[in-house]
Amino acid sequence: MSDTPVDLPTPRSNVLAIPAYVPGKPPTARPGLTSYKLSSNENPFPPLPGVLEAATAAVAHLNRYPDLGSAALYDALAAHLDVPSDHLAVATGSVGLLYQLIGAYCDPGDEVVHAWRSFEAYPIALATAGAVGRAVPLLADGRHDLDAMADAIDERTRVAVVCTPNNPTGPAVTQAELDAFLARVPSRVLVVVDEAYVEFVRSDDPVDGVATLRDHANVVLTRTFSKAYGLAGLRVGYAVAHPEVAASLRVVSLPFGVSAIAQAAAIASLAEQEAMVARVDELVVRRDRLLAGLRAQGWPVPDAQGNFVWLPFPGEPAATLAFAAAAEEAGVVVRPFPGDGVRISVGEPEACERVLAVAGAFRG
């Protein structure tokens, strides 16, 4: 290729401002030591019974496009949730739905209110569409400040996002808190309730998302098969919303985005509710044991309602990275957010024990 300078097309200015998504690091192989990846909130269990068989059967038809309408998956979800299929939209994970929602409902310059720190993809999706984020700081205990979020809504706000349980800090919004928030939100504002970890919630007043959207036409739920169902590698999520909202999501979806393999695996996973719940219950036991162990060491760990726990390091980027390095040296990879904290996924029992050992030694 020539080294002669040439004029190249330039992307939109907002594209140049998009922050990079930082994925969880894979574990480093260490001789004589099993390493564990606790950096991406993945499910440590293998696919549910029947899922590999369903996926393998779909592989035999790779020469064909997947069902554009995802009809069988919609039917399975509709039966599982007891909602009409026109209330549903599927996409490449719940993050795909987020991009579609912002693209469908925000013009450049429109505002989106969301908590921070929260899911790392929010600012990326907003910047991609040219929307403007109104990031509202979390409360000191890692919870959403829903009153402050309601105060931040103005005439330019088109979307508000509530992440429950909040990734990466862990607390979940209660139904009473969500109801009070929705009472203050204008009906013209779309409220996205991001429920990627909904199956792990064990709080006293959990959000009933489907019941909530039946009472509020401006509410949309986003969920995923990546976490509780263990299909992170296939990228399939779904939204539950009123028909007009769901239709808008389907219109802006990437054609054939959800592969035939992903559709088949998701349908097979939905058929294994008992096995899924048993695995989630086991992860909740491990989560609560890890949470209790960290608190016993004196760590100020907030409530954990997902499949992860959060160690806060506010304003301490060096300490954040030092803890992550100590964990990696012990064969456990965690997810540091420098200056904010460290998120630790709940994984294998041995991995959780190593986390406790590292945390105890680090705290001294």
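Residues numbered from 1 in each chain as written. Predicted model: local features only at pLDDT ≥ 70, side-chain atom pairs only at ≥ 80, totals over all residues. Heavy atoms only, no water.

With an unreviewed UniProt entry as reference, the chain is termed Aromatic amino acid aminotransferase, source organism Nocardioides zeae. Here is the UniProt Cofactor (unreviewed entry) comment for the chain, exactly as written: "pyridoxal 5'-phosphate". (UniProt positions renumbered as here; feature names shortened; annotations may be inferred.)

Turning to the layout of surface pockets, a few remarks are in order. In this approach, a probe sized like a water molecule rolls over the atoms, and the result shows the empty space that is left. Computed from the structure, the largest pocket encloses a volume of approximately 540 Å³. If you go around the largest pocket, you meet 29 residues; those closest to its centre are Y21, S40, F119, K227 and R235. Elements with a contribution of two residues or more to the lining of the largest pocket: α4 (93-105) and β11 (335-337). In terms of residues, the lining of the largest pocket owes the most to one element, α4, which gives three residues. (1 Å grid on protein atoms, 1.4 Å probe; cavity = no way out; pocket = protein on both sides within 12 Å on 5 of 7 lines; lining within 4 Å. Points joined across faces, edges and corners; volume = space filled by probe spheres on them. Helix = DSSP H or I, 4+ residues; strand = E, 2+ residues; numbered from the N terminus.)

Take the pattern of salt bridges next. On inspection of all chains with the given rule, the structure shows 17 salt bridges. A salt bridge links R202 to D281, with the nearest nitrogen and oxygen atoms 2.7 Å apart. Taken together, the residues R202 in the loop between β6 (190-194) and α8 (209-215) and D281 in helix α11 (residues 273-296) connect sequence positions 79 residues apart. A relative accessible area of 36% places R202 in the partly exposed class. (Salt bridge = Lys/Arg side-chain N within 4 Å of Asp/Glu carboxyl O. Buried < 20%, exposed > 50% of the residue type's maximum accessible area, 1.4 Å probe, protein only.)

The next subject is the packing of aromatic side chains. One pass over the full model with this rule turns up 12 aromatic pairs. Seen in terms of ring centroids, W299 and F323 are 5.8 Å apart; in terms of plane orientation they differ by 80°. Their pairing is edge-to-face. One end of the pair, W299, is in the loop between α11 and β9 (308-312); the other, F323, is in helix α12 (residues 317-329), with 24 residues separating them in the sequence. The burial state of W299 is the same as that of F323; both residues are buried. For the ring pair W299 and F362, a centre distance of 6.4 Å and an interplane angle of 25° mean the geometry is stacked. Remark: F362 occurs in helix α13 (residues 349-363) and W299 occurs in the loop between α11 and β9; sequence separation between them is 63 residues. Exposure remark for F362: the relative accessible area of 32% places this residue in the partly exposed category. Following the ring pairs from residue to residue traces out a cluster consisting of W299, F313, F323 and F362. Between R335 and the ring centre of F337, over which it is positioned, the NZ or CZ distance is 4.2 Å. (Phe/Tyr/Trp six-rings, centres within 6.5 Å; stacked < 30°, edge-to-face > 60°. Lys NZ or Arg CZ within 6 Å of the ring centre and 35° of its normal.)

Residues annotated in UniProt with the feature "modified residue: N6-(pyridoxal phosphate)lysine" (unreviewed entry) correspond here to K227. Counting through the fold element by element, K227 comes out in the loop between β7 (219-224) and β8 (237-241). The class of K227 is buried, set by a relative accessible area of 15%. If we ignore the near neighbours within four places in the chain, the residues touching K227 are S40, N41, N43, A196, Y197 and F200. (Contact = heavy atoms within 4.5 Å.)

Right, let's get into the nonpolar core. Core analysis: the biggest nonpolar cluster contains 84 residues, and I102, V159, F181, V220 and F225 have the highest contact counts within it. Here this core gets six residues from one element, more than from any other, and that element is helix α3 (residues 71-81). Every residue in contact with I102, bar those within four places of it in the chain, is listed here: V112, A125, L126, A129, A131 and V159. (Core = buried A, V, L, I, M, F, W, Y, C linked by side-chain atoms within 4.5 Å.)

Across the sheet, which stays open at both edges, the three strands sit in the order β9-β12-β11 with antiparallel pairing between neighbours. Because the sheet does not close on itself, it has two edges, and the strands there are β9 and β11. Taking each pair of neighbouring strands and ignoring which way they run, the sheet shows an average axis angle of 20°. Judged from the five bridges that link them, β9 and strand β12 (residues 341-345) form a sheet pairing that is antiparallel. From the neighbouring strand, P312 faces β12, where its bridge partner is G341. (Pairing = 2+ DSSP bridges. Axes fitted to C-alpha atoms, helices over the stretch in contact; angles between N-to-C directions.)

In this section: empty space enclosed by the protein. Enumeration over the complete set of coordinates arrives at one cavity of 30 Å³ or more. Taken as a whole, the largest cavity holds about 50 Å³ of empty space. Lining the largest cavity are S94, V95, L98, L101, F119, Y122, V161, V192, D194 and T222. Those elements giving two or more residues to the lining of the largest cavity turn out to be α4 and β6. Counted by class, the lining of the largest cavity contains seven nonpolar, two polar and one charged residues. (Nonpolar A, V, L, I, M, F, W, Y, C, P; charged D, E, K, R; others polar.)

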